[in-house]
Protein chains: 2
Amino acid sequence: MPGKTSTLRIKAPYLVFIGDNEDPTYAKTGYGLVQWVPDKVAGQLRLPGCKVKLDAPDLTLQEAAAQGVKSLVIGVAPVGGGLPEHWNAVVLEAIELGMDIVAGLHTRLSENAEFVAAAREHGVSLVDVRVPPKGIPVGNGQKRAGMRLLTVGTDCAIGKKYTALALTNAMQAAGMNATFRATGQTGIMIAGEGIPMDAVISDFLSGAAELVSPANTPDHWDVVEGQGSLYNPGYAAVTLGLIHGSQPDAMILCHKAGLKEIAGWPGYPVPALNDCMDTYLRAAWLTNPAAKFVGVSVNTSSLDAAERPDYLARIAEETGLPCVDPIAVGVEPLVEHLAATFPKN
Amino acid sequence: MPGKTSTLRIKAPYLVFIGDNEDPTYAKTGYGLVQWVPDKVAGQLRLPGCKVKLDAPDLTLQEAAAQGVKSLVIGVAPVGGGLPEHWNAVVLEAIELGMDIVAGLHTRLSENAEFVAAAREHGVSLVDVRVPPKGIPVGNGQKRAGMRLLTVGTDCAIGKKYTALALTNAMQAAGMNATFRATGQTGIMIAGEGIPMDAVISDFLSGAAELVSPANTPDHWDVVEGQGSLYNPGYAAVTLGLIHGSQPDAMILCHKAGLKEIAGWPGYPVPALNDCMDTYLRAAWLTNPAAKFVGVSVNTSSLDAAERPDYLARIAEETGLPCVDPIAVGVEPLVEHLAATFPKN
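1. Concerning the relation of the copies chain A and chain B
Here comes step 1: Each copy of the sequence occupies a distinct position, and chain A is placed on chain B by a rotation of 180° and an axial shift of 0.0 Å, giving an RMSD of 0.0 Å. Such a combination of rotation and displacement between the chain copies is what one expects of a two-fold axis.
Here comes step 2: Interface overlap between copies is the fraction of interface residues in one copy that are interface residues in the other; for chain A against chain B it reaches 100%, indicating a shared surface.

Okay, here's the thing in structure tokens:
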């Protein structure tokens, strides 16, 4: 519909630019793209001296353009938050070759006047995945068709995105009609669309979540990437807006074994899992009184492999729900329970 | 502290500009200023044809400047959201006379290039009270000195600001050390400072609430203007961020007699008062485990005066708390209960 606000959109295929990066920990976005959406990644562009190598063909800008690449995606988080000066020429050349530029840097692409002028001249877009689209409405709270699953957490950064991506793949493999819905910058690059919830003006938070998971066919599942935690005193509001707008039918609780305190907020304890689920359910029931939990997903990397089965079994008993480590065990038990809980969807 | 982010600041005394307004309902800000902070209002400026009259002296711009007026405050909400074209000359003249311009319009003052240039030339500020200050930090959740009271509601627009203002006056009259803390545009004009919470980027909501109610002496009460409602599917996130950041020791529940549905969100019922208080307490306990309710404030304008005493008595019995209509009864019973509940403050 012309003029209607939608989520951010990124055109595939991508050329992933990792510059002359030396440290793989800064190339998480690049690795994530290759891991989750290899079909979207035509190749990687590395400058001389680059120590990082993705599992994707090395392509020059010219080769990528000839193969029909639509977007140059900055796949690293450079130290300092901005683009290193000597990468600018690469970006400008990509623009001249007709590629959109996609980045999630602290310094916006649109703050670079040279990029803006070149993009206008060549009719391409500068997509800052940290910048929400304009015109997001206030949430209307109205029920819409289709099913929604949301990953929520005892804390931030404990696997909500990973779990949602793994669930989406496993649901599709099980023949379910499922789409990953991105609410953060890396997720948006992977999905090729979405809204960075944490950057939305607070009046429009639940409205943004409604846009991210729009009406769909009755059998379709949106698998919505969670944000923050209701137990995080800095970010809980983001979490609540996402819950209210996404109106989840099903939630998966994400947790990290051994976590005692909310990371970065000393003195804030990580809640007991059943208390935590109770809090999320009360919040979710405002916009979907049928919301329920269907499983628990735990990062057990802090445990010995030998301890893991007992630990997961203990949580399953405590919560009455299937409990997995999504990396070590996979999320199939969660999908089976989801399918059994919602037999018509 | 230089460079440290603070709330918005408005310099008094004010000249309240009500233009050639014909409808008093659009001059609510002007009336509110005269009602709550008459000492800040040096006078009003009315154009020919203006049907609205505040209880304040008519002053020309020159007279106001001669009396030391520091800010021209736009005290009306013009139809359309922007400033009528023919008011611009008044604004420009006020700028030339050295006054800051203060407005809470949909169209920002800073979008008018003429205003921006004139303000720069004459060294005055354009204060858009809908625009939060830059540099708001993420909430840290740390306990700070001083006491805080927050008004919360079953719905939006049911007297949270009025109750907070009336409480502040009554607390001061009772010899308590109390300051009204503004979180919305009209409140900011009244207080002369504050942050419009609904316009804050969601990651920084609780941080903004921390800035609004900073550390203070142990006996001091911040009386924080509430926003939205945890039962509003559009705005609940704003409410949660404000609760977490303001860390209320005491809360007052605001309600409107006869309200059945959240206004503007058909199908969303107004909660039972005890359920509602339970929800607010659970939210508040994250950052202040000692938070408690100290009273109920109800707009009973929908009732006959004869019904009011029974109605208020019924709510008092139901909740176990003093219950007043702040306009018809006054808030003194709430202040007495607050003082008795916190005898050292």
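From this point, the narrative continues.
2. Here's the deal with the domain arrangement of chain A
Residue and element names in this part refer to chain A.
Here comes step 1: Parsing chain A into structural domains produces domain 1 (8–128) and domain 2 (147–341).
Here comes step 2: A C-alpha centroid distance of 29 Å is found between domain 1 and domain 2.
Here comes step 3: Of the residues lining the interface, 14 residues belong to domain 1; the matching set on domain 2 comes to 10 residues.
Here comes step 4: With five residues, helix H1 (residues 28–36) is the largest single contributor of residues to the side of domain 1 that touches domain 2.
Here comes step 5: Taken together, the residues of the side of domain 1 that touches domain 2 sort by class into eight nonpolar, three polar and three charged.

3. Structural notes on H1(A)
All names here are of chain A.
Here comes step 1: Burial in H1 covers these residues: Thr29, Gly30, Leu33 and Trp36. One side of H1 carries all its buried residues, which in axial view fall inside an arc of 155°.
Here comes step 2: Next to the buried residues of H1 lie strand S2 (14–19), strand S3 (41–46), strand S4 (71–74), helix H5 (160–173) and helix H6 (185–191).

4. What to know about unusual backbone geometry
Here comes step 1: Omega for the peptide link from Ala12(A) to Pro13(A) comes to 0°, which places this bond in the cis form.
Here comes step 2: Tracing the chain through its elements places Pro13(A) in the loop between strand S1 (8–9) and S2.
Here comes step 3: Here the phi dihedral of Gln247(A) falls at roughly 45°; this positive angle occurs in a residue that is not glycine.
Here comes step 4: By secondary structure assignment, the location of Gln247(A) is in the loop between helix H8 (236–246) and strand S11 (250–256).
Here comes step 5: Gln247(A) gets classed as buried once you count the C-beta atoms within 10 Å, which come to 28.
Here comes step 6: With a phi angle near 55°, Ala157(B) is a residue other than glycine that sits in the positive phi range.

5. Concerning the packing of helix H7 (residues 205–212) of chain B against helix H8 (residues 236–246) of chain B
Residue and element names in this part refer to chain B.
Here comes step 1: The N-to-C vectors of H7 and H8 enclose an angle of 45°; their axes lie 7 Å apart at closest approach. Of the possible angle classes, the one that applies to H7 and H8 is oblique. Judged by the sense of rotation from one axis to the other, the crossing of H7 with H8 is right-handed. Taken together, the residues of H8 that come into contact with H7 (itself represented by Leu205, Ser206, Gly207, Ala208, Ala209 and Glu210) are Val238, Gly241, Leu242, His244, Gly245 and Ser246.
Here comes step 2: Its residues placed into classes, the contact of H7 with H8 shows five nonpolar, six polar and one charged.

6. Some details on the sheet that holds S11(A)
By definition, the strands of a sheet pair up through backbone hydrogen bonds, in either a parallel or an antiparallel sense.
Residue and element names in this part refer to chain A.
Here comes step 1: Here we have six strands laid out as an open sheet, ordered S8-S10-S7-S11-S12-S13, and parallel in their pairing. The sheet terminates laterally at strand S8 (177–181) and strand S13 (323–324), the two strands that pair on one side only.
Here comes step 2: Judged from the two bridges that link them, strand S12 (residues 292–299) and S13 form a sheet pairing that is parallel. By the bridge assignment for S13, valine 296 is matched with cysteine 323.
Here comes step 3: On the sheet, helix H9 (residues 273–284) packs against strand S7 (147–153), S11 and S12 and is oriented at approximately 145° with respect to S11.

7. Some points on the packing of helix H3 (residues 88–96) of chain A against helix H4 (residues 113–122) of chain A
Residues and elements named next belong to chain A.
Here comes step 1: Relative orientation of the contacting elements H3 and H4 amounts to 15°, with a least axis distance of 9 Å. Classed by the angle they form, the pair H3 and H4 counts as roughly parallel. Between H3 and H4 the crossing geometry is right-handed. Residues Val91, Leu92, Ile95 and Glu96 of H3 pack against Glu114, Phe115, Ala118, Ala119 and His122 of H4.
Here comes step 2: Looking at side-chain class alone, the contact of H3 with H4 contains six nonpolar, one polar and two charged residues.

8. So, the environment of Glu22(B)
Here comes step 1: Among the structural elements, Glu22(B) can be located in the loop between strand S2 (14–19) and helix H1 (28–36).
Here comes step 2: When the C-alpha positions of Glu22(B) and Lys51(B) are compared, they lie 4.7 Å apart, and in sequence the two are 29 residues distant.

9. Describing the environment of Val102(A)
Residues and elements named next belong to chain A.
Here comes step 1: With respect to the helices, strands and loops of the structure, valine 102 is situated in strand S5 (residues 100–103).
Here comes step 2: When the C-alpha positions of valine 102 and proline 289 are compared, they lie 38 Å apart, and in sequence the two are 187 residues distant.
Here comes step 3: Ignoring anything within four residues of it in the chain, the contact list for valine 102 reads Ile10, Ser71, Leu72, Val73, Ile74, Val127, Val129 and Met189.

10. Looking at the sheet that holds strand S4 (residues 71–74) of chain B
Residue and element names in this part refer to chain B.
Here comes step 1: With parallel pairing, the five strands of this open sheet are ordered in space as S3-S2-S4-S5-S6. Looking along the sheet, the strands with just one partner apiece sit at the ends: strand S3 (41–46) and strand S6 (126–128). Sheet twist, expressed as the mean angle between neighbouring strand axes with direction ignored, is 20°.
Here comes step 2: The pairing of strand S5 (residues 100–103) with S6 spans three bridges and is parallel. Within S6, the position partnered with valine 102 by the bridge is valine 127.
Here comes step 3: In this fold H1 packs onto S2, S3 and S4, with an angle of close to 150° to the strand it touches most, S2.

11. Some thoughts on the interface of chain A and chain B
Here comes step 1: Residue-level contacts link 27 residues of chain A with 27 residues of chain B.
Here comes step 2: Elements supplying a minimum of two residues to the side of chain A that touches chain B: helix H7 (205–212) and H8 of chain A.
Here comes step 3: No other element matches H8(A), which puts six residues into the side of chain A that touches chain B.
Here comes step 4: Residues of the side of chain A that touches chain B, tallied by class, amount to 16 nonpolar, nine polar and two charged.

12. Observations regarding the environment of Val73(B)
All names here are of chain B.
Here comes step 1: For valine 73, the position within the fold is in strand S4.
Here comes step 2: Along the sequence, valine 73 and valine 41 sit 32 residues apart, while their C-alpha atoms lie 9.6 Å from each other.
Here comes step 3: Excluding anything up to four places from it in sequence, valine 73 contacts Tyr14, Val16, Phe17, Leu33, Val102 and Met189.

13. Some remarks on the pairing of strand S11 (residues 250–256) of chain B
All names here are of chain B.
Here comes step 1: Counted residue by residue, S11 has six buried out of seven residues, so it is predominantly covered.
Here comes step 2: For strand S7 (residues 147–153) and S11, the ladder comprises five bridges, and the chain directions are parallel. Following the sheet pairing, glycine 153 is matched in S11 by cysteine 254.
Here comes step 3: Alignment of S11 against strand S12 (residues 292–299), held across seven bridges, turns out to be parallel. Each residue of the ladder has a partner; that of histidine 255, found in S12, is valine 298.
Here comes step 4: Running through helix H9 (residues 273–284), the crossover from S11 to the neighbouring parallel element S12 is right-handed.

Reading the values: the criteria
Residues numbered from 1 in each chain as written. Chains lettered and ligands numbered in written order. Predicted model: local features only at pLDDT ≥ 70, side-chain atom pairs only at ≥ 80, totals over all residues. Least-squares fit on C-alpha atoms with pLDDT ≥ 70 in both. Contact = placed C-beta atoms within 7 Å. Domains from an automatic or database assignment. Helix = DSSP H or I, 4+ residues; strand = E, 2+ residues; numbered from the N terminus. Nonpolar A, V, L, I, M, F, W, Y, C, P; charged D, E, K, R; others polar. Buried ≥ 20, exposed ≤ 12 C-beta atoms within 10 Å, placed from the backbone. Arc of directions from axis to C-beta. Axes fitted to C-alpha atoms, helices over the stretch in contact; angles between N-to-C directions. Parallel < 35°, antiparallel > 145°, perpendicular 65-115°, else oblique. Left-handed = near helix turned anticlockwise from the far one by under 90°. Pairing = 2+ DSSP bridges. Right-handed = clockwise from strand over helix to strand, strands pointing away.

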